[in-house]
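# Chain and residue survey
One-letter residues, chain by chain:
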Number of protein chains: 2
Amino acid sequence: MDFYITILGCSAALPTATRQCSSQVVNIDGYNLLIDCGEGTQNQIRRYRIKLQSMSDIFISHLHGDHFFGLPGLLSSMHLCGRTEPVNIYAPKGIRKILTHLFNASGAKLSFELVYHEIETQEPILLLENKKCKVFTFPLVHSVPTYGFLIEEQPSLPNLKSGVRKTYNLSPADILKIKIGEGYTTEEGRFIPSSALTKPARPPKKYAYCCDTLFDESFIPHIKDVDLLCFDCTFDSSLTYIANDKLHGTSVSAAMAAKAANAKQLLLTHFSARYNDVDSLVDEAKTIFPNTLAAYDGMRIKLGL
Amino acid sequence: MDFYITILGCSAALPTATRQCSSQVVNIDGYNLLIDCGEGTQNQIRRYRIKLQSMSDIFISHLHGDHFFGLPGLLSSMHLCGRTEPVNIYAPKGIRKILTHLFNASGAKLSFELVYHEIETQEPILLLENKKCKVFTFPLVHSVPTYGFLIEEQPSLPNLKSGVRKTYNLSPADILKIKIGEGYTTEEGRFIPSSALTKPARPPKKYAYCCDTLFDESFIPHIKDVDLLCFDCTFDSSLTYIANDKLHGTSVSAAMAAKAANAKQLLLTHFSARYNDVDSLVDEAKTIFPNTLAAYDGMRIKLGL
């Protein structure tokens with residue numbers, strides 16, 4: 001199963017000529033979900049050739065404008081393009097009132113249903129489960145209620161043990177039955193349980209998004225062993241005093257989070273407009289967590305590579 | 001005095017790869033005002049190198065999302081860049097409630113004052129007068145309360161009649177006094193009134209913005225003799241039935257409005273996303289009103305040329 005992230009925007013609150021406000025699309029085996037929706041997200045979706053109507057599940061980390069001011073326009077464009085399928089909005093409590101008020105005030109009646117799933121929790125909870133993945137949320141540490149997301153693909157079916165297919169001359173239907181646990185009955189009538197014919201698939205891939213937030217031990221258990229951790233890196237460590245004041249991450253705190261979570265890879269995002277390039281932030285993070293990359297608008301990063 | 005318009009966006013509700021939602025900057029002798037503020041306006045302001053903080057007066061024609069969804073982000077960015085000077089918002093009734101609710105919900109406290117001038121009128125009214133211009137508004141014909149804007153530069157000082165300067169050997173101070181009506185006293189003590197020494201300046205230039213709207217005789221008197229009329233041209237005339245249903249202009253109705261108003265030039269805008277290029281719409285308008293141009297994002301058009 002392919003599992004990759006497309007970065008639509010990786011800027012902090014003030015967008016720049018090369019970085020738009022926060023937004024990214026997570027694709028798991030063809031299923032798209034959107035995380036955050038800063039102003040201009042619909043333009044970025046077009047620019048990076050993602051299907052506008054492919055996103056039925058939208059997750060908003062918190063209600064600061066740079067993470068959701070693009071949502072009204074995105075939904076309006078879905079409406080103008082004739083959408084009928086509902087859109088699920090997973091966002092902190094308050095989003096329903098904001099969008100309802102905005103659409104009422106502008107006289108808009110969407111052609112599809114908005115299904116609100118307002119988040120208000122102190123514990124990690126499962127927000128969504130479908131055939132492709134599970135999405136969990138958990139509280140982060142920011143100036144307004146802010147939530148991280150953990151996206152875990154559904155387990156793959158087990159693999160056949162080496163040689164099994166030839167030994168029993170299995171058809172595709174036989175193989176599927178074995179993989180889903182129904183076992184196999186030989187021509188001689190001997191039943192063999194699936195467990196004897198298969199070996200476990202690789203573990204499900206996991207992606208965590210933590211933005212905006214301070215590094216805090218409290219949420220590390222919820223992002224343990226992820227393949228990729230995307231973390232708030234608004235500032236370099238020389239500006240830690242500003243980061244602490246504004247409750248944002250730095251290159252160092254992001255790396256500490258990745259290390260504490262035993263992540264396989266770290267993706268820095270949400271860069272302050274003061275940085276034209278972010279090489280120095282990556283270098284700083286690498287001193288603590290070597291497998292670090294910086295997000296850029298249009299980046300496509302595959303998990304598990 | 002220079003008087004020019006910079007088009008930031010000329011798309012109808014659905015933005016395209018080349019056209020952003022409605023927004024434009026009017027510059028009169030260095031004074032900038034913003035008309036409409038679709039999503040992404042702050043990006044366009046940056047792209048076309050207009051100073052973010054130069055706009056203290058923002059005019060919104062109506063509360064459809066494609067004309068104001070960029071306003072929260074623009075104001076947030078002004079705040080992030082340390083603005084202290086107030087911003088005046090001239091917009092239909094309802095804008096205060098929308099913005100107040102949105103900023104409250106997102107926990108934002110702007111560093112400057114928003115001064116609301118909510119429009120609710122059936123008659124043309126003067127919205128703003130300063131040293132550079134007067135801005136009038138008047139109702140258009142659309143599905144929600146929608147207002148056109150007429151921007152008229154302040155009259156220039158009169159010009160000296162030919163030869164006057166040499167005849168009396170005038171200093172710059174003498175000239176200014178004459179131009180402001182104080183007349184001139186010759187070395188021999190003879191007083192000459194300004195009227196005898198000057199000829200009227202050219203008439204003030206006028207720009208009208210009518211979007212979104214049907215063509216309707218009711219507002220033509222308010223845009224009479226403008227140098228440039230920017231008019232809703234969402235559709236070509238073969239789609240007049242849709243235009244009438246949605247209360248939008250067409251290439252033909254825009255041209256009819258320009259002709260009826262005795263405008264000097266017509267600028268078509270607000271093009272439906274169905275048109276990759278709009279040459280055919282311009283051609284159609286030209287059959288009725290020859291001096292017609294199509295807006296494009298980034299266009300800079302000077303009045304009176």
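Residues numbered from 1 in each chain as written. Chains lettered and ligands numbered in written order. Predicted model: local features only at pLDDT ≥ 70, side-chain atom pairs only at ≥ 80, totals over all residues.

## Overview of the overall build of chain A
Regarding its fold elements, chain A presents nine helices and 18 strands. Oriented by its inertia axes, the alpha-carbon framework of chain A measures out at about 70 × 50 × 35 Å. Counting the 305 residues in chain A, one finds 46% classified as buried. For chain A, contacts bridging at least 24 residues in sequence account for 63% of all contacts bridging at least 6. (Helix = DSSP H or I, 4+ residues; strand = E, 2+ residues; numbered from the N terminus. Buried ≥ 20, exposed ≤ 12 C-beta atoms within 10 Å, placed from the backbone. Contact = placed C-beta atoms within 7 Å.)

## Focus on the nonpolar core
Core analysis: the biggest nonpolar cluster contains 152 residues, and L229 of chain A together with L229 of chain B have the highest contact counts within it. Residues contacting L229 of chain B, with those up to four places away along its chain left out, are A208, C210, I223, A257, A258, A261, A263, L266 and L267 of chain B. (Core = buried A, V, L, I, M, F, W, Y, C linked by C-beta atoms within 7 Å.)

## So, the interface of chain B and chain A
If you look at the interface, chain B gives 29 residues, while chain A gives 30 residues. When contributions to the side of chain B that touches chain A are tallied by element, the ones reaching two or more residues are α1 (41–47), α2 (71–80) and α3 (95–105) of chain B. By residue class, the composition of the side of chain B that touches chain A is 13 nonpolar, 13 polar and three charged. (Nonpolar A, V, L, I, M, F, W, Y, C, P; charged D, E, K, R; others polar.)

## Notes on the sheet that holds strand β4 (residues 55–59) of chain B
All names here are of chain B. Read across the sheet, seven strands follow the order β6-β5-β4-β3-β2-β1-β18 without closing on themselves; strand pairing throughout is mixed. Of all the strands in the sheet, the pair left with one neighbour each is β6 (114–119) and β18 (300–302). Within this sheet the neighbouring strands show an average axis-to-axis angle of 20°, counted without direction. Here strand β5 (residues 87–92) pairs with β6 via six bridges, running parallel. Of the residues in β6, the one forming a bridge with N88 is V115. Contacts from α3 reach β5 and β6 within the one sheet, and its direction differs from that of β6 by about 145°. (Pairing = 2+ DSSP bridges. Axes fitted to C-alpha atoms, helices over the stretch in contact; angles between N-to-C directions.)

## Observations regarding the packing of helix α8 (residues 251–260) of chain B against helix α9 (residues 279–286) of chain B
Residues and elements named next belong to chain B. Put simply, α8 and α9 touch, their axes get as near as 8 Å, and they point 40° apart. What the angle tells us is that α8 and α9 run oblique. Crossing geometry of α8 relative to α9 is assigned as right-handed. In contact with S251, V252, A254 and A255 of α8, α9 contributes L281, E284 and A285. (Parallel < 35°, antiparallel > 145°, perpendicular 65-115°, else oblique. Left-handed = near helix turned anticlockwise from the far one by under 90°.)

## Details of the domain arrangement of chain A
Splitting chain A by domain gives domain 1 (3–156 + 202–302) and domain 2 (159–199). Here domain 1 of chain A and domain 2 of chain A have C-alpha centroids that lie 42 Å from each other. (Domains from an automatic or database assignment.)

## Digging into unusual backbone geometry
The omega torsion of the bond from C211 of chain A to D212 of chain A falls at 0°, within 30 degrees of zero and hence cis. Take D212 of chain A: it is sitting in the loop between β14 (206–210) and β15 (228–232). Here L247 of chain B, not a glycine, exhibits a phi torsion of approximately 60°, which is positive. Tracing the sequence through the fold places L247 of chain B in the loop between α7 (240–246) and α8. Phi at N262 of chain B takes a positive value of approximately 55°, unusual for a residue other than glycine.

## As for the sheet that holds strand β8 (residues 133–139) of chain B
Whether parallel or antiparallel, the strands of a sheet pair through hydrogen bonds between backbone atoms. Residue and element names in this part refer to chain B. Spatially, β7-β8-β9-β14-β15-β16-β17 is the arrangement adopted by the seven strands of the open sheet, whose pairing is mixed. Across the chains shown, the open sheet's two edge strands, defined by having one partner strand only, are β7 (125–129) and β17 (292–294). Going from strand to strand, the sheet's axes swing by 20° on average, the running direction of each strand aside. Where α8 meets the sheet, it contacts β14 (206–210), β15 (228–232), β16 (265–269) and β17, and its direction lies at approximately 150° from that of β15. Across the sheet, α9 touches β16 and β17, and the angle it forms with β17 is around 165°.

## Quick word on the pairing of strand β1 (residues 3–9) of chain A
Residues and elements named next belong to chain A. Extensive coverage of β1 is indicated by the burial of six of its seven residues. The pairing of β1 with strand β2 (residues 23–28) spans six bridges and is antiparallel. Paired with I7 across the strands is Q24, a residue of β2. Here three bridges tie β1 to strand β18 (residues 300–302), and the two strands are oriented antiparallel to one another.

## With respect to the environment of A258 of chain B
All names here are of chain B. As for its position among the elements, A258 is in helix α8. Its 31 C-beta neighbours within 10 Å are what place A258 among the buried residues. Here the alpha-carbon distance between A258 and S23, two residues 235 residues apart in the chain, equals 21 Å. Aside from chain neighbours lying at most four places away, what touches A258 is L229, F231, A263, L266 and F289.

## Quick word on the relation of the copies chain B and chain A
When chain B is fitted onto chain A, the two copies agree to an RMSD of 0.1 Å after a turn of 180° and an axial shift of 0.0 Å. A rotation of that kind, with that shift, is consistent with a two-fold axis. Closest approach to the rotation axis within chain B is made by the C-alpha atom of G40 of chain B, at a distance of 2.7 Å. A share of 100% of interface residues in chain B that are also interface residues in chain A marks the association as one of identical surfaces. (Least-squares fit on C-alpha atoms with pLDDT ≥ 70 in both.)

## Focus: the environment of M55 of chain B
Residues and elements named next belong to chain B. Inspection of the secondary structure puts M55 in strand β4. Considered as a pair, M55 and P15 are 40 residues apart in the sequence and their alpha carbons are 23 Å apart. Leaving out residues up to four positions away in the same chain, M55 has contacts with N32, L33 and L34.

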